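These are the residues of each chain, in order.
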Amino acid sequence: MTDVTDGVLHTLFQSDQGGHEQVVLCQDRASGLKAVIAIHSTALGPALGGTRFYPYASEEAAVADALNLARGMSYKNALAGLGHGGGKAVIIGDPESFEGARRTELLLAYGRAVASLGGRYVTACDVGTYVADMDVVARECRWTTGRSPENGGAGDSSVLTAFGVFQGMRASAQHLWGDPTLRGRKVGVAGVGKVGHHLVEHLLADGALVTITDVRDESVRRITEKHPEVAVAADTGTLIRTEGLDIYAPCALGGALNDDTVPVLTASVVCGAANNQLAHPGVEKDLADRSILYAPDYVVNAGGVIQVADELHGFDFDRCRAKAARIFDTTLAIFARAKSDGIPPAAAADRIAEQRMADARRR
């Protein structure tokens, strides 16, 4: 156990993935709550990030995920131009095993834990949590976004997340092919759940040729029954090897770009909604070496956080959509910085975000 703990502490205090301001371990035995709240930075304002409810293999894995996700939110919020730092929370457990009153009690306990931070961390939805869950959390914590319109919130943030990813794809097309349209381009979408199915609608409306895959058959059927022209790949491994694929959109969990997948990618562009797509440092260079243009995930999937941040000031959908549309220009600026500095786009995005946070700390 000592070695594992040392590993977590090394990540927090010493590694390049660390630098977090605060990590809180939360427990409520009566409800079964076990959670980790990680605050990476408040340089630009209160930390903002979602709550992931997931059956981690170990508590150490949960802490590591919270640290990584929180750091990513600092960079995402900085490049989205928001007055927020980065934070993330993970609830350890299988969300499907918490239903009814049991789920409510767990979420209320979680809300009390977030409220105890006094506004340093603002929470929202993520994998395994939903708008209805945020309504419950908000009963104990006013620093909660992603609530239902009936409870003063903006509702489902996946709509603008998908819109932002679509803008990132348009920028990628502009940079690589000189035209922002996706008409006639072959796009593969891995994961057509909360965000992916909205992305497919944007792609089809723009004239793209779409192939999808998902581990849930019902998610695939929801699209193919409405759009029989959409092709289906058996699995992600098949999708990324599809001949003639122009764009690959990972829209499920992280780590999609790794030592096994990058060498066999047929696409010229990777642009998707999933967080933490790069499995480890160095993958961004592997993509560049294969002349694959990578649109940094935390840049293009920022539409959702733009929406939930706006909720704190009185939600206006048109205002949010206009902010999310700027992801197109931000993505182009990152590609231009990458070219001028001779570095991969992921590194260029990091440099811009780090500069904005550093400038805020000096004020």
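What counts and how
- Residues numbered from 1 in each chain as written.
- Predicted model: local features only at pLDDT ≥ 70, side-chain atom pairs only at ≥ 80, totals over all residues.
- Heavy atoms only, no water.
- Pairing = 2+ DSSP bridges.
- Helix = DSSP H or I, 4+ residues; strand = E, 2+ residues; numbered from the N terminus.
- Core = buried A, V, L, I, M, F, W, Y, C linked by side-chain atoms within 4.5 Å.
- Buried < 20%, exposed > 50% of the residue type's maximum accessible area, 1.4 Å probe, protein only.
- Axes fitted to C-alpha atoms, helices over the stretch in contact; angles between N-to-C directions.
- Parallel < 35°, antiparallel > 145°, perpendicular 65-115°, else oblique.
- Contact = heavy atoms within 4.5 Å.
- Nonpolar A, V, L, I, M, F, W, Y, C, P; charged D, E, K, R; others polar.

Right, let's get into the sheet that holds strand β11 (residues 293–294). Across the sheet, which stays open at both edges, the 6 strands sit in the order β8-β7-β6-β9-β10-β11 with parallel pairing between neighbours. Each of the sheet's edge strands pairs with one partner strand only, and the pair in question is β8 (231–232) and β11. The sheet contact formed by strand β7 (residues 209–213) and β8 spans 2 bridges and is parallel. Counted as the bridge partner of Thr211 is Ala231 from β8.

Further remarks concern the nonpolar core. Counting 70 residues, the largest nonpolar core has Tyr110, Met169, Val189 and Leu203 as its most contacted members. Core analysis: the next-biggest nonpolar cluster, separate from the first, contains 17 residues, Tyr248, Ala256, Tyr294 and Ala346 among them.

Packing of helix α12 (residues 317–325) against helix α13 (residues 327–341) leaves a shortest axis separation of 5 Å and a crossing angle of 15°. Considered as vectors, α12 and α13 are oriented roughly parallel to each other. Note on element contacts: α13 touches α12 through Ile327, Phe328 and Asp329, opposite Lys323, Ala324 and Ala325. Residues that form the contact of α12 with α13 fall into these classes: 4 nonpolar, no polar and 2 charged.

Here the focus is unusual backbone geometry. A positive phi is found at Asn276, a non-glycine position, where the angle reads about 50°. Within the secondary structure, Asn276 sits in the loop between β10 (269–270) and α9 (283–289). Owing to a relative accessible area of 21%, Asn276 belongs among the partly exposed residues under this scheme.

Within strand β5 (residues 121–125), 5 of the 5 residues are buried, which leaves it mostly tucked inside the rest of the structure. Taken together, the 5 bridges between strand β3 (residues 47–54) and β5 define a ladder with parallel strand orientation. Paired with Gly49 across the strands is Thr123, a residue of β5.

As a further point, take the environment of Gly207. Note that Gly207 resides in the loop between α6 (196–205) and β7. Along the primary structure Gly207 and Val165 are separated by 42 residues, whereas in three dimensions their C-alpha atoms are 16 Å apart. Those residues in contact with Gly207, other than ones at most four positions away along the chain, are Leu182, Arg183 and Gly184.

With respect to the helices, strands and loops of the structure, Thr261 is situated in the loop between β9 (247–250) and β10. For Thr261, the residues in contact, after removing those within four places along its chain, are Ile240 and Ala256.

For the rest of this paragraph, the subject is the sheet that holds strand β1 (residues 22–28). Hydrogen bonds between backbone atoms are what pair the strands of a sheet, whose relative direction is either parallel or antiparallel. If you walk across this open sheet you meet the 5 strands as β1-β2-β4-β3-β5, and the pairing is mixed. A strand with exactly one partner marks an edge of an open sheet, and here the two such strands are β1 and β5. Within this sheet the neighbouring strands show an average axis-to-axis angle of 25°, counted without direction. Summarising the sheet, β1 and strand β2 (residues 33–41) pair through 7 bridges and their orientation is antiparallel. Bridging from a neighbouring strand, Gln22 pairs with Ile39 of β2. Along the sheet face, helix α2 (residues 59–79) touches β1, β2, β3 and β4 (85–92) and points at about 155° away from the line of β4.

Two elements in contact, α13 and helix α14 (residues 345–362), have axes separated by 8 Å at closest approach and are oriented at 105°. Put simply, α13 runs roughly perpendicular to α14. Contacts between α13 and α14 involve Ile334, Phe335, Arg337, Ala338 and Asp341 from the first element and Pro345, Ala348, Ala349, Arg351 and Ile352 from the second. Counted by class, the contact of α13 with α14 contains 7 nonpolar, no polar and 3 charged residues.

Right, let's talk about the pairing of β9 for a bit. Taking every second residue as pointing to the same face, both faces of β9 are buried, with Ile247 and Ala249 on one and Tyr248 and Pro250 on the other. Alignment of strand β6 (residues 186–190) against β9, held across 4 bridges, turns out to be parallel. Of the residues in β9, the one forming a bridge with Val189 is Ala249. Where β9 lies against β10, 2 bridges are found, and the strand directions are parallel. Bridging across to β10, Ile247 finds its partner in Val269.

Remember, this is a structural readout, not a statement about activity or role.
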